[in-house]
Amino acid sequence: MIDIDNVTKQFGEGAAAVQALRRVSLTIPEASFFTLLGPSGCGKTTLLRLIAGFELPTGGDIRLDGQSIGHLPPHHRPVNTVFQSYALFPHMTVARNIGFGLEMQGRKPSDVAATVNKMLTLVRMEEYAARRVDQLSGGQQQRVALARALAPHPKVLLLDEPLSALDLKLRKQMQGELKRLQAETGITFVFVTHDQGEALAMSDQIAVMSAGEVQQVGSPEAIYTRPRSAFVADFIGDTNIVPATLLRYEGGRAVIRFAQGPELCANAASDALAAGPVQVALRPETITLTDAADPAALMCGTVAESTYQGAATQLTVRLETGPEIRVEVTDPPSPGARVGIACDAAMLQVLAD
Amino acid sequence: MARRSTKPRELRRQPLFTWVSWCVLGVLYAPIAVLILFSFNDNRAVMSWTEFSLRWYGAALENEGIRNAAVVSFKVAAIATTAATIIATMAALATSRGPGYPGRSAAIALINQPLMIPEIVTAVATLAFFSILRQVTGWTGLGWLILAHTVFCIPFAYMPIRARLADMPDTFEIAAADLYATPWQCFRHVTLPLLMPGVLAGAMLAFVVSLDDVIITLMIAGPGETTLPIYILGQIRRGVTPEVNAVSTILIAITVLMIAAMFTLQKKRP
């Protein structure tokens, strides 16, 4: 288990100082696939480098299984990294690359050879042991980088956008492979990515980061269906953010009302919002279209645009109150039609900010 | 149209370009060509060609003065090169790895500066400084000459090593540290092997510079410490002999081989 306790990281001094991380606190559970997700510049890679020891925190501490590691040099941390550029040693063969960590730990040559063989099998690269790394394709280099980082059996494996250099097909394949490796080895994986699809597909837990702060931590389902803020709702998947009025709380749920229609009991990201205008996240695929006169309709609008996407059709509906929202349906009305927007109240999420 | 002359590749189309080039190359290499040619001349008189012969090479190799001078030269060059290369490698690491520190660019300038100082100035300064040290310590011997050579070889060795290091991303070293390599293991197993072409290039440059140094050696060398260039200089005073031609040709051959090897090594990029 990794405990990130109030970690701050500042680059530079005085006026040129950049706050890369602002008092970040996180707990990464043992043997889980944990993803740090956010746009570039959000501090996710800095946090990874702090866990690896390539940078030292300006404030706060990092603990691994209760032991403080925040200020140890990288070679004293039982943590290994798969680098974005792989950083395979160009003057060594595949086998020597994989065995490097074990050799540095002073393991017996016979142990090193045995583990290297096991790792080669694990990443399905048996035939390539004697190759030089510059003779490998990107996907193969990726596997070697993984094997090299896993060989010393670290407590934590850090992965810095390792799939970003691969083409789409290979990326999908490696996503499955990474999941499999995590399950097989039982090692805690900390995965950094800006790709929300990747994060949703692979993670046990996701921490969404923005501007040096953790916005929300949770399972992919929780992050997707219960976003805390407009940033998270917008960053993860396609979403509509619609204004509504908060009337009161009832049994931990928020009673809200849209431009028209009945009062609804929605999920709320916070139970301490003041009554009045709030923002509500509404996923396009949870919306059902109904007649504009239907008393269940929460708002009305006209279909402005229709895009066929195979399994579903994406509609843009211009609301009578002004904004446009996106809707995904299987039996689309024709553009220009006046429609009512309805939604299961359980699918609505009142955002905290 | 006005731009045409600014393109470097258009230079070759300029009138007289080829002619001027050949003239410059001629001026540069004609004297050396003559020297090499006459080192194979079977005649004591330097000015007239009789027939091809290797007799002066034989004579040079049998000449005890030349042999002693060669031994001194290679001993000095070998030790000075080794020491200078080790120091230059450490200097290159200190000036291009790790976090920056105040005075880093000043340090780089200070290491390179001796290249810009006229050698005669360095020579006189070294002579004055060493005579004080010699007097204080009472030490004599080849060590002083080796020390002087080591010092002036450092910036020559430093240049290619630092250039290579600057081209080398530090991700490999970071990866090694991540894989439990101590700083020394990281240097030994990752930095040094990747830096090797630069180190060898620096060493060869230092070796060549040491091998043909005259001015500083002339000032520092004591009796019995005559190096090859100094010996040749002494012989020339008594007139050019074919033996000197032969020795010079051997020196040229060694130098050319070293420089060629250096360029080949430098082409291998990390």
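As the structure is a prediction and not an experimental result, all values here were calculated from the model.

Participant: Where do I start with the overall build of chain A in this structure?
Facilitator: Along the backbone of chain A there are 8 helices and 20 strands. A principal-axis box enclosing the C-alpha atoms of chain A has dimensions of 80 × 45 × 40 Å. Per-residue burial for chain A yields a buried fraction of 50% across its 353 residues. When the accessible surface of chain A is totalled, it reaches about 15,000 Å², and 51% of it is carbon and sulfur. Each charge class in chain A can be summarised by its mean position, and for the 31 positive and 37 negative side chains these summaries are 7 Å apart.

Participant: Explanation requested: the interface of chain B and chain A in the structure shown.
Facilitator: Much of the literature gives interface size as the accessible area that the parts lose upon coming together. With 17 residues of chain B in contact, the opposing surface of chain A contributes 26 residues. Summed over both partners, the interface of chain B with chain A comes to about 1,800 Å²; 70% of that surface belongs to carbon and sulfur atoms. For chain B, the biggest contributors to the area lost against chain A are B:Asp178, B:Leu179 and B:Tyr180; these three give 43% of the whole. At the boundary of chain B with chain A, the tally comes to 0 salt bridges. Listing elements by their share of the side of chain B that touches chain A, those giving two or more residues are α7 (171-178) and α8 (183-211) of chain B. For the side of chain B that touches chain A, the element with the highest residue contribution is α7(B), accounting for 7 residues. Per-class residue counts for the side of chain B that touches chain A are 12 nonpolar, 4 polar and 1 charged.

Participant: Even after reading the chapter, I still don't get the environment of A:Thr81, so can you show me in this structure?
Facilitator: Residue and element names in this part refer to chain A. Note that Thr-81 resides in strand β6 (residues 79-82). On the basis of relative accessibility, which here comes to 5%, the residue Thr-81 falls in the buried class. The spacing of Thr-81 and Thr-121 is 40 residues in sequence and 20 Å in space, taken between C-alpha atoms.

Participant: Any chance you could explain the packing of aromatic side chains here in plain terms?
Facilitator: What describes a pair of aromatic rings is the distance from one ring centre to the other and the angle between the planes of the rings. Residues and elements named next belong to chain A. Inspection of the entire model under this criterion finds 12 aromatic pairs over all chains. On the numbers, 5.7 Å between centres and 20° between planes, the contact of Phe-54 with Phe-83 is stacked. Of the two residues, Phe-54 is situated in the loop between α1 (44-52) and β4 (59-64) and Phe-83 in the loop between β6 and α2 (94-104); the sequence distance between them amounts to 29 residues. As far as the burial class goes, Phe-54 and Phe-83 line up, both buried. Aromatic rings pair up to connect Phe-33, Phe-189 and Phe-191 into one cluster.

Participant: I would appreciate a short explanation of the domain arrangement of chain A in the present structure.
Facilitator: Taken domain by domain, chain A consists of domain 1 (2-225) and domain 2 (238-350). Taking only C-alpha atoms into account, the centre of domain 1 of chain A sits 39 Å from that of domain 2 of chain A.

Participant: I keep staring at the nonpolar core and nothing clicks. Help me out?
Facilitator: As a rule of thumb, soluble globular proteins bury nonpolar side chains together. A:Ile2, A:Ile4, A:Leu36, A:Phe89 and A:Phe100 are the most contacted members of the largest nonpolar core, which totals 70 residues. Per element, the largest residue contribution to this core is 11 residues, and it comes from helix α6 (residues 143-167) of chain B. Each residue touching A:Phe100, except ones within four places of it in the same chain, is listed here: A:Phe89, A:Met92, B:Ala176, B:Leu179, B:Ala181, B:His189 and B:Val190. Judged by nonpolar contacts, the second largest core, of 35 residues, contains A:Tyr86, A:Met119, A:Phe189 and A:Met202.

Quick notes on the rules
- Residues numbered from 1 in each chain as written.
- Chains lettered and ligands numbered in written order.
- Predicted model: local features only at pLDDT ≥ 70, side-chain atom pairs only at ≥ 80, totals over all residues.
- Heavy atoms only, no water.
- Helix = DSSP H or I, 4+ residues; strand = E, 2+ residues; numbered from the N terminus.
- Buried < 20%, exposed > 50% of the residue type's maximum accessible area, 1.4 Å probe, protein only.
- Areas by Shrake-Rupley, 256 points an atom, 1.4 Å probe, with all protein chains shown as cover.
- Lys, Arg positive; Asp, Glu negative; His and termini not counted.
- Charge placed at Lys NZ, Arg CZ, Asp CG, Glu CD.
- Contact = heavy atoms within 4.5 Å.
- Buried area = accessible area lost by both parts, 1.4 Å probe.
- Salt bridge = Lys/Arg side-chain N within 4 Å of Asp/Glu carboxyl O.
- Nonpolar A, V, L, I, M, F, W, Y, C, P; charged D, E, K, R; others polar.
- Phe/Tyr/Trp six-rings, centres within 6.5 Å; stacked < 30°, edge-to-face > 60°.
- Domains from an automatic or database assignment.
- Core = buried A, V, L, I, M, F, W, Y, C linked by side-chain atoms within 4.5 Å.

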